[in-house]
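So you can see what is in the structure, the chains are spelled out below.
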Amino acid sequence: MMLVFFIDSFIWQLVIVPILTIGTGVLIAIRVEKAYVAPLITLVLNLAIEMTMSLVYYETLHSPSSWNVLLPIPAFLIAYAFIGKRKTERHMENLS
């Protein structure tokens, strides 16, 4: 039995998946204060989503897409920026 999915594939692939994967990766990285965690979480989540969708729609696994290379890059950059900002703010508070 095939599960019917009612979200447009364009919206799903270009909006929802990046927000879910990058957002979750960045939030976890900020929480543990390690920027390298963001791309790892993003990669694992994106692979899991791709494998799940492949099994649901095609009933077989397909090769990973280029999103698995592209999505971890902004995840790392965003996490690095937020963590760096937080560390700078803490350092400035300690100086005053």
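Residues numbered from 1 in each chain as written. Predicted model: local features only at pLDDT ≥ 70, side-chain atom pairs only at ≥ 80, totals over all residues. Heavy atoms only, no water.

(A) Inspection of the packing of helix α1 (residues 9-32) against helix α2 (residues 37-58) at higher detail. Interaxial distance between α1 and α2 falls to 8 Å at its minimum, and their mutual angle equals 145 degrees. The handedness of the crossing between α1 and α2 comes out as right-handed. For the pair formed by α1 and α2, the contact residues are Trp12, Val17, Leu20, Thr21, Ile22, Thr24, Gly25, Val26, Ile28, Ala29 and Val32 on the first element and Val37, Ala38, Ile41, Thr42, Leu45, Asn46, Ile49 and Met53 on the second. Looking at the contact of α1 with α2, its residues break down into 14 nonpolar, five polar and no charged. (Axes fitted to C-alpha atoms, helices over the stretch in contact; angles between N-to-C directions. Helix = DSSP H or I, 4+ residues; strand = E, 2+ residues; numbered from the N terminus. Left-handed = near helix turned anticlockwise from the far one by under 90°. Contact = heavy atoms within 4.5 Å. Nonpolar A, V, L, I, M, F, W, Y, C, P; charged D, E, K, R; others polar.)

(B) Up close: the side chain of threonine 42. In this fold, threonine 42 is placed in helix α2. Separated by 3.3 Å, the side chain of threonine 42 and the backbone oxygen of threonine 21 make a polar contact. (Polar contact = N/O pair within 3.5 Å; in protein donor to acceptor, adjacent residues only side chain to side chain.)

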